[in-house]
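Overview (structure and organization)
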Amino acid sequence: MDRLLDKPLPLKTIMLRNRIAMPPMATELSVNDVPSDALIDYYRKRAKATGLIIVEHEYVSLEGKASPRQLSMAEGVDIAAYRRLTDAVHSQGAAIIAQVNHAGADAFDDKLPVISASDIRFWRSAFQAKAMTLGDIVRIKECFVNAAVQSKAAGFDGVEIHSAHGYLLNQFYSPLTNLRTDDYNGKTMEGRTRLHCEIIQAVREAVGQDYVVAIRFGACDYMDGGSQIAEIPEAARRFVDAGVDLIDISGGLSGYMVRGASQPGWFAELSRPVKETVNVPVLLTGGVQTGQDAEGLLQEGAADLIGVGRAMMQDADWSERALQHAG
Ligand SMILES: Cc1cc2nc3c(=O)[nH]c(=O)nc-3n(C[C@H](O)[C@H](O)[C@H](O)COP(=O)(O)O)c2cc1C
């Protein structure tokens, strides 16, 4: 059987040299909210044999900042600092995508108004969030668009819109946190994905047809009353119709793990329905430790690309080793 792990993968207009992706993981290594030398060095080392690097989440506006040393892609950020990062990763032969995010109800402080889909207090937050007005929605869309345009100017090969792990867009997708009754309501799939689709379309218009636009889709909350596996095909279809080129699967409000699961690819039950529904590449992350784990998931058809998070965080040479020993 042909090995898939080192098979190149076309992604829109770029060619990934293999099927290994480093998923976004916050390092808290920024200085003044832009890449520091240490952060650039960290990514350069991990890019050596990896196909795709998705850089840790960057906030699109200050009130959506998730942690003290999170990177910024908000308006007016120092593009040159990011250019050093994209150049470093490209010099190693990997592609690089920026993940852009708004924390919503999970903002790390309340100096600015904390906003969300609804008037909620998110379970891991100290603050009460206010439901976004239609004016807020217009403004936040512009922030995502602006972040995407700046990512392109900084040399990223694409941009990934974060809608997982309980952050703002996930708060719109989940019926547990979206209690709205307007066009962005939490009762219908159209309402739950409207903001996503409007952002994807607006980003696409701003960055052009040839630029990679991805979504990190927290596809199931694994919580009573939360988002369900059966809903995945419809959501995925809507995202692709709106213009995404890559669907990066993870969990929803419950985060990037599944309680009690330890098998590699614990979200494979979420990535499979996406693969069966749409034609864009699908990325699956969670629990992969070895090259054999990754190769097995590719052979099963669970995804087109495999994300390796904590194992790569700990071992900068993970991809090189995995390609030697994938079996
Ligand atoms: C320290 C840390 C930071 C993370 N930061 C992000 C992030 O910025 N954006 C995101 O979408 N996921 C983030 N994640 C989730 C990872 O991308 C990944 O889904 C998770 O680690 C599971 O994959 P693994 O088992 O291979 O580590 C983070 C995970 C860790 C451990």
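Residues numbered from 1 in each chain as written. Predicted model: local features only at pLDDT ≥ 70, side-chain atom pairs only at ≥ 80, totals over all residues.

1. Describing the overall build of the chain
Along the backbone of the chain there are 10 helices and 13 strands. The C-alpha atoms of the chain give 18 Å as radius of gyration, which agrees with the globular expectation for 327 residues (20 Å, within 12%). Reported as C-alpha extents along the three principal axes, the dimensions of the chain are approximately 50 × 45 × 35 Å. Looking at the 327 residues of the chain, the share that counts as buried comes to 54%. (Helix = DSSP H or I, 4+ residues; strand = E, 2+ residues; numbered from the N terminus. Rg over C-alpha atoms; globule rule 2.2 N^0.38 Å. Buried ≥ 20, exposed ≤ 12 C-beta atoms within 10 Å, placed from the backbone.)

2. Thoughts on the nonpolar core
Ranked by size, the top nonpolar core spans 101 residues in total, and within it Ile 53, Ile 97, Phe 144, Ile 247, Ile 249 and Ile 306 carry the most contacts. The dominant element in this core, judged by the number of residues it contributes, is helix H3 (residues 134–153), at 7 residues. Here Ile 97 is in contact with Leu 52, Ile 54, Phe 156, Asp 157, Gly 158, Val 159, Glu 160, Val 212 and Ala 214, once residues within four sequence places are set aside. (Core = buried A, V, L, I, M, F, W, Y, C linked by C-beta atoms within 7 Å. Contact = placed C-beta atoms within 7 Å.)

3. Side note on the site of the ligand
Around the ligand, the surrounding shell holds 21 residues, and the nearest of these are Pro 23, Pro 24, His 57, Gly 309 and Arg 310. When contributions to the shell around the ligand are tallied by element, the ones reaching two or more residues are strand S4 (52–59) and helix H9 (310–314). Across the shell around the ligand, the residue classes break down as 9 nonpolar, 9 polar and 3 charged. (Near = placed C-beta within 6 Å. Nonpolar A, V, L, I, M, F, W, Y, C, P; charged D, E, K, R; others polar.)

4. Here's the deal with the packing of helix H1 (residues 37–47) against helix H2 (residues 79–90)
The description of two packed helices rests on the angle between their axes and on the distance between the axes. With their axes 8 Å apart at the nearest point, H1 and H2 run at an angle of 20° to one another. The orientation of H1 relative to H2 falls into the category roughly parallel. For the element pair H1 and H2, the recorded crossing hand is right-handed. Residues Ile 40, Tyr 43, Arg 44 and Ala 47 of H1 form the contact with H2, whose participating residues are Arg 84, Leu 85, Ala 88 and Val 89. (Axes fitted to C-alpha atoms, helices over the stretch in contact; angles between N-to-C directions. Parallel < 35°, antiparallel > 145°, perpendicular 65-115°, else oblique. Left-handed = near helix turned anticlockwise from the far one by under 90°.)

5. Description of the pairing of S4
With 8 of its 8 residues buried, S4 lies for the most part within the structure. Sheet topology places strand S3 (residues 20–22) next to S4; 2 bridges connect them, and they run parallel. Its bridge partner lying in S4, Met 22 is registered against Ile 53. Bridging between S4 and strand S5 (residues 71–72) involves 2 bridges; their strand directions are parallel. In the strand pairing of S5, Tyr 59 is matched with Ser 72. (Pairing = 2+ DSSP bridges.)

6. With respect to the environment of Ala 148
Here Ala 148 is to be found in helix H3. By C-beta crowding, Ala 148 is classed as buried, having 28 other C-beta atoms within 10 Å. For the pair Ala 148 and Val 213, spaced 65 residues apart in sequence, the C-alpha separation works out to 8.8 Å. Other than its neighbours up to four places away in sequence, Ala 148 contacts Val 100, Val 159, Val 203, Ala 206 and Val 207.

7. Notes on helix H10 (residues 318–325)
For H10, the set of buried residues is Trp 318, Ser 319 and Ala 322. For H10, the angular spread of buried residues about the axis comes to 90°, placing them on one side. Packed against the buried residues of H10 are S3, helix H8 (291–300) and H9. (Arc of directions from axis to C-beta.)

8. Overview of helix H6 (residues 232–242)
For H6, the set of buried residues is Ile 232, Ala 235, Ala 236, Phe 239 and Ala 242. All buried residues of H6 lie within an arc of 130° about the axis, which places them on one face of the element. Just downstream of H6 lies Gly 243, where phi reads positive at about 130°.

9. Some details on the environment of Arg 139
Position of Arg 139 among the secondary structure elements: in helix H3. Residue class for Arg 139 comes out partly exposed when judged on the 13 C-beta atoms lying within 10 Å of it. Sequence spacing of Arg 139 and Ser 67 is 72 residues, and the spatial spacing of their C-alpha atoms is 21 Å.

10. Describing unusual backbone geometry
Backbone geometry at Asn 32 places phi at a positive 50°, although glycine is not the residue there. Counting through the fold element by element, Asn 32 comes out in the loop between S3 and H1. The exposed category is assigned to Asn 32, around which 11 C-beta atoms lie within 10 Å. Positive phi, normally seen in glycine, also occurs at Tyr 222, with a value near 50°. Assignment of secondary structure puts Tyr 222 in the loop between strand S10 (212–218) and H6. On the basis of neighbour counts, which here come to 18 C-beta atoms within 10 Å, the residue Tyr 222 falls in the partly exposed class.

11. Quick word on the packing of H3 against helix H5 (residues 189–207)
At a minimum axis separation of 9 Å, H3 and H5 run at an interaxial angle of 40°. It follows that H3 is oblique to H5 by the angle criterion. You can see that H3 and H5 cross each other, and the crossing is right-handed. Between H3, through Ile 137, Lys 141, Phe 144, Val 145, Ala 148, Val 149 and Lys 152, and H5, the contact on the second element is made entirely by Leu 195, Glu 198, Ile 199, Ala 202, Val 203, Ala 206 and Val 207. Among the residues forming the contact of H3 with H5, the class breakdown is 11 nonpolar, no polar and 3 charged.

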